[in-house]
Amino acid sequence: MVITKFAIPEVISGHGSIEFVAKCALRLGAKRVFFVSDNGLEQSGWVDRVLDILDGNDLPAVYFDKVSSNPRDYQVHEGADLYARERCDVIIALGGGSPMDAAKGIGTLVGNGGRIGDFEGANRIMCPLPPMILIPSTAGSGSDVSQFCIITDVEREVKMSIISRSLVPNISIIDPDLLLSKDADLILASAIDAMAHAVESYVSKLATPITRMHSHKAIELIVKNIQPAVEDKDTEALRQLSIASTSAGMAFSNAGLGVLHSIAHSLGGMYDVLHGMVHPVLLPSVMRFNMRECTETMGTIGRIIAGARLCSDQQAALAGIDKLEELFASLGVNQRLRDLLPDQSSIEQICRVAIQDVCSLTNPRESSWRDLRGICEEAW
Amino acid sequence: MPPTELSDLVGIEHSKLGYFHELQLKLEELKAANMETENRRQEIAAILDGITDVMMVLSENLKIISVNHVFRELFDDPAPEGKYCYQIFRGQDHPCPECPAFKSLSTNTVCKETAFFRINGVNRQYEMVASPIKNQDLPEYKVLIFKRDVTLEKEYQAKYYHAEKMATVGVLATGVAHEVNNPLMAISGYAEGIQRRLGRHWKSLPGELAGDLEEYTQTILRECQRCQQIVNSMLNFGHPEATTQSPVNINDVVMETLHLLHYHLKKRQNLTMRTELARNLPFVHGNAAQLKQVFLNLLTNAIDAIGEEEGVITVQSGVTDGMVRLEISDTGQGISADIRGNLFDPFFTTKPAGNGIGIGLSTCYTIVVKEHAGDIRLESEVGKGSTFIVDLPVPREEDDD
């Protein structure tokens, strides 16, 4: 693949950058903002903060909070109806992957009409979306910079991947102050999510020198900062994590992901498991599975995680995976699939659905549903 | 749905869709629409500007919503909007009785009416047309009013009727004059003949008879001469088309006018007519027939002003400030100050309906001021009488060349 593309939104970052949300919205032509967030952010006071900032700029807002973790199709429809009814013009989303993906889904319906399921797959969005400003509250999902939108089809129990350049928001405001109010578990899950984005995009079939640069940097920053961020809520470490998450997001948005995300989407569609909790369970197994096809890159990743050493790429890669498992263990996250699923009976179904996921396309190693089952069994 | 390929994920040909194209199209459309609207607006503005009538859009209760340029030229009010029509036209606080707006609104038809308005100190007659503006989309009904100034039109019409009447009278007078002239010639001829014969046979006639005959024929001749003068006056009156100006002796014109009124004056025993005419009055440059009409009017007014009471009319001529001045005074009822300003307006009259159309003084004004570059004015005191003063310029020596 010689001809490549790299698309990202305007990124505003730094402590206190959330203050610019109203000015950004006004610049995008806002007269009446559609504001999406969730209960968690209401409780931490950030929703009121954003509403205050908008109010301080005489910008009225319609608030929509009917968003669950793993946003559902009907929630997106409900949001789009409200947007139309209230005659809003600019969408602002504040939160983790869920409110941001919900906002993207709402924008898609507002601009294109129809059902959200109509847009599953790549490049199915044919009409422009309203301007979007996304404010991530977790350093992980990368949704604020990506062209991905993951919405759960409740009836089919499938997480649909909608991919379109039009889903890249206009502006992403990354304020690390938001991370301070998160509990350690969420910071950890998000960081591991970002790590998974970085690793999968690094070895993706569509990885380019530009995306690899970001993947590389993201892994480096996460390894270095995850412990101080989670254990001490170190401000600087949190800032570094947010940079890592953004870099990983830019990388995966343009390079794509792999079978880890295919399985995570499939599993999440069926069991409503928190996305970030799937990665520590499956990431080492997927890395081992893919290592054969991308030994050199895996070696590079290994050296970033475990430190520079004089050995073969394969040894370095394995050392990295071991070190990663050690890190997860030391941080106390669950590492076995059996803790997420009631029994093994659904694994086949999960893998058969996962292999259909768009993310499987860019996985470095060609794989069948059986290969995925092997990965799941290894992680059980 | 074709399966997604790697190239779809790269999406070289797919970009974040923006509204630029739509916006551009919209802009073009809006520009075109705007231009069309502007053209239409200018066209309508040109049409409206071309209307020379006063135009107003009024609310149901006659509040002014908008007016055209003619209105603004007529009234010095920079913001008539929001005021009431009757406030501006009549200075009153209630609608005018002849207003066609209400009828137009209630019948939903175009209604016409004429009325007099006093605007900027001048009486003007307006023809008003009211058209209702009714539309379900409008929150309330409106009415469009056109007011056309028909003062001149009506004035000319009245003048035309008057002139026509005078012309008819003139033709009749000329006919009568000619018819009377011949027997008059015969009477005076025979009277002279009698006098000649009387001279020859004076001695042979009894003393008393000759003296009586002499006296009778003198009287016949004198009266014939008077008749002759009346006939001449009538012949002059009958030729109003002779509007060319020539040197005129005002005293002669006054005398001829008094001759015309002689019979009229003789009936009014209560009236005393005094004439104080200056000798060696300079000639004025003018039209004797027109000036006669002026004096006739002024004298008729003076007679009417005295009415049945005892009174004196004095006609005085002289030279004042290089102008020939003729003053016609009466000892009548006088003219009150509040109507003095209206006196020379067309259609203004104090006479009861049927006795005049109010054209007299306005015609005098036209003749004296417009045609003879002179001046006519009034001095009056209620209960004591009025004096009309007519000044006519005397041509300077060099003008005669």
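Residues numbered from 1 in each chain as written. Chains lettered and ligands numbered in written order. Predicted model: local features only at pLDDT ≥ 70, side-chain atom pairs only at ≥ 80, totals over all residues. Heavy atoms only, no water.

Peer 1: Quick question: what am I supposed to make of the overall build of chain A here?
Peer 2: On a plain count of helices and strands, chain A comes out with 15 helices and nine strands. Out of the 380 residues belonging to chain A, those deemed buried represent 62%. Of the contacts made within chain A by residues no fewer than 6 positions apart, 77% connect residues no fewer than 24 positions apart. For chain A, the computed accessible surface area is about 13900 Å², with 48% contributed by carbon and sulfur atoms. (Helix = DSSP H or I, 4+ residues; strand = E, 2+ residues; numbered from the N terminus. Buried < 20%, exposed > 50% of the residue type's maximum accessible area, 1.4 Å probe, protein only. Contact = heavy atoms within 4.5 Å. Areas by Shrake-Rupley, 256 points an atom, 1.4 Å probe, with all protein chains shown as cover.)

Peer 1: How should the interface of chain A and chain B be read in this particular structure?
Peer 2: Think of interface size as the accessible area that goes away when the parts come together; that is how it is often given. In this complex, chain A contributes 27 residues to the contact, which on the side of chain B involves 17 residues. Summed over both sides, the interface between chain A and chain B buries roughly 1900 Å², with carbon and sulfur atoms accounting for 63% of that surface. In this structure, the connection of chain A to chain B is made through zero salt bridges. There are two residue pairs in polar contact (both at pLDDT 80 or more) connecting chain A and chain B. Of the residues assigned to the side of chain A that touches chain B, the class counts are 15 nonpolar, seven polar and five charged. (Buried area = accessible area lost by both parts, 1.4 Å probe. Salt bridge = Lys/Arg side-chain N within 4 Å of Asp/Glu carboxyl O. Polar contact = N/O pair within 3.5 Å; in protein donor to acceptor, adjacent residues only side chain to side chain. Nonpolar A, V, L, I, M, F, W, Y, C, P; charged D, E, K, R; others polar.)

Peer 1: How should I be thinking about a negative patch on the surface in this particular structure?
Peer 2: Together, A:D48, A:D52, A:D55 and A:D58 make up a region of like negative charge exposed at the surface. Mapping A:D55 onto the fold places it in helix α3 (residues 46–56). (Patch = residues over 30% accessible without salt bridge, like charges linked within 9 Å, V, L, I, M, F, W, Y side chains within 5 Å. Lys, Arg positive; Asp, Glu negative; His and termini not counted. Charge placed at Lys NZ, Arg CZ, Asp CG, Glu CD.)

Peer 1: What am I meant to see in a nonpolar patch on the surface here?
Peer 2: On the surface, a cluster of nonpolar side chains totalling about 330 Å² of accessible area is made up of A:V2, A:I3 and B:I12. By secondary structure assignment, the location of A:V2 is in the segment before β1 (10–13).

Peer 1: Hey, could you run me through the sheet that holds strand β2 (residues 33–36) of chain A in this one?
Peer 2: Whether parallel or antiparallel, the strands of a sheet pair through hydrogen bonds between backbone atoms. Residue and element names in this part refer to chain A. Taking strand neighbours across the sheet as the criterion, the six strands line up as β1-β9-β6-β4-β2-β3 in an open arrangement whose pairing is parallel. The open sheet terminates on both sides in strands that have one partner only, identified here as β1 and β3 (61–64). Averaged over all pairs of adjacent strands, the angle between strand axes in this sheet comes to 20 degrees, irrespective of strand direction. Here five bridges tie strand β4 (residues 90–95) to strand β6 (residues 132–136), and the two strands are oriented parallel to one another. Each residue of the ladder has a partner; that of I91, found in β6, is M132. Here helix α5 (residues 97–112) sits on the sheet in contact with β2, β3, β4 and β6, set at roughly 160 degrees to β4. (Pairing = 2+ DSSP bridges. Axes fitted to C-alpha atoms, helices over the stretch in contact; angles between N-to-C directions.)

Peer 1: Hey, could you run me through helix α8 (residues 209–232) of chain A in this one?
Peer 2: Residues and elements named next belong to chain A. Between its first and last C-alpha atoms α8 spans 34 Å; for 24 residues at 1.5 Å apiece the expected length is 34 Å, and the two agree. Among the residues making up α8, those that are buried are T211, H214, S215, A218, I219, L221, I222, N225, I226, A229 and V230. Where α8 is buried, its residues meet α7 (184–203), α9 (235–255), α12 (295–306) and α13 (313–331). Looking one or two residues beyond α8, the residue adopting positive phi is K233, at roughly 50 degrees. (Expected span 1.5 Å × (residues − 1).)

Peer 1: How should the environment of A:S312 be read in this particular structure?
Peer 2: Residue and element names in this part refer to chain A. On the secondary structure map, S312 appears in the loop between α12 and α13. Look at S312 and you get partly exposed, because its relative accessible area is 35%. Separated by 17 residues in sequence, S312 and T295 place their C-alpha atoms 9.4 Å apart. A distance of 3.1 Å separates a polar side-chain atom of S312 from the backbone nitrogen of Q315.

Peer 1: Help me understand the confidence of the model for chain B, please; the structure alone is not making it clear to me.
Peer 2: Caution applies to low-pLDDT regions: their predicted coordinates should not be interpreted in detail. In the predicted model, chain B carries a mean pLDDT of 82, and 91% of its residues have values of at least 70. Model confidence for chain B, summarised as mean pLDDT per element, is weakest for helix α10 (residues 337–340) of chain B at 74 and strongest for strand β10 (residues 323–330) of chain B at 92. (pLDDT = per-residue confidence, 0-100.)

Peer 1: So what exactly am I meant to see when it comes to the pairing of strand β1 (residues 54–59) of chain B here?
Peer 2: Strand residues, when the strand is regular, have side chains that alternate between the two faces of the sheet. Residue and element names in this part refer to chain B. With six of six residues buried, β1 lies mostly within the body of the structure. On β1, burial covers both faces: V54, M56 and L58 on one face and M55, V57 and S59 on the other are all buried. Where β1 folds back onto strand β2 (residues 64–67) in an antiparallel hairpin, the turn is made up of four residues, including L62, whose phi is positive at roughly 70 degrees.

Peer 1: Whenever I open this one, the layout of surface pockets confuses me. Can you help?
Peer 2: Where empty space is left becomes clear once a probe the size of a water molecule has been rolled over the atoms. All names here are of chain A. Each pocket or cavity is described by its volume, and for the second largest pocket that value is around 750 Å³. For the second largest pocket, the lining is made up of 40 residues, of which G96, G97, S98, S141 and L274 are closest to its centre. Broken down by secondary-structure element, the contributors of at least two residues to the lining of the second largest pocket are α2 (39–43), α5, β7 (148–153), α7, α10 (259–271) and α11 (275–290). Ranked by residue count, the leading element in the lining of the second largest pocket is α7, at five residues. Here the lining of the second largest pocket is built from residues that sort into 12 nonpolar, 22 polar and six charged. (1 Å grid on protein atoms, 1.4 Å probe; cavity = no way out; pocket = protein on both sides within 12 Å on 5 of 7 lines; lining within 4 Å. Points joined across faces, edges and corners; volume = space filled by probe spheres on them.)

Peer 1: Which parts of the structure should I look at to understand the sheet that holds strand β8 (residues 158–163) of chain A?
Peer 2: Pairing in this open sheet of three strands is mixed, and the strands run β5-β8-β7 (chain A) from one edge to the other. Each edge of the sheet is formed by a strand with only one pairing partner; in this case those strands are β5 (121–122) and β7 of chain A.

Peer 1: What should I look at first to understand the pattern of salt bridges in this one?
Peer 2: Any two side chains of opposite charge can pair, so long as their charged atoms come close to each other. Under the definition given, this model contains 27 salt bridges over all chains. With a closest N to O distance of 3.0 Å, A:E378 and A:R288 form a salt bridge. Placement of A:E378 in helix α15 (residues 369–379) and of A:R288 in helix α11 is noted, with a sequence separation of 90 residues between them. Judged by relative accessible area, A:R288 falls into the partly exposed class, the value being 27%. Where B:E381 meets B:K384, a salt bridge forms, and the shortest distance between an N and an O atom there is 3.8 Å. Under the relative-accessibility criterion, B:E381 is labelled partly exposed at 45%. On the basis of relative accessible area, B:K384 is assigned to the exposed category, the value being 58%.

Peer 1: Explain unusual backbone geometry here, please?
Peer 2: Peptide bonds are, in most cases, trans, and in most cases residues other than glycine have a negative phi. All names here are of chain B. For N120, which is not glycine, the phi torsion reads 55 degrees and is therefore positive. Taking relative accessible area as the criterion, N120 reaches 62% and is therefore assigned exposed. Positive phi, normally seen in glycine, also occurs at A373, with a value near 55 degrees. Mapping A373 onto the fold places it in the loop between α11 (360–371) and β11 (375–381).

Peer 1: I'm lost on the packing of aromatic side chains in this one. Help?
Peer 2: Here the distance between the centres and the angle between the planes together describe a pair of aromatic rings. Summed over all chains, the structure comprises 11 aromatic pairs over all chains. Seen from their ring centres, A:F34 and A:Y83 are 5.5 Å apart, and the 65 degrees between their planes marks the pair as edge-to-face. Taken together, the residues A:F34 in strand β2 and A:Y83 in helix α4 (residues 73–86) connect sequence positions 49 residues apart. Taken individually, A:F34 and A:Y83 each receive the classification buried, so the pair is uniform in this respect. The rings of B:F71, B:F75, B:F89, B:F117 and B:Y126 are connected pair by pair, giving a single aromatic cluster. Sitting over the ring of A:W369, A:R352 keeps its end group 4.1 Å from the ring centre. (Phe/Tyr/Trp six-rings, centres within 6.5 Å; stacked < 30°, edge-to-face > 60°. Lys NZ or Arg CZ within 6 Å of the ring centre and 35° of its normal.)

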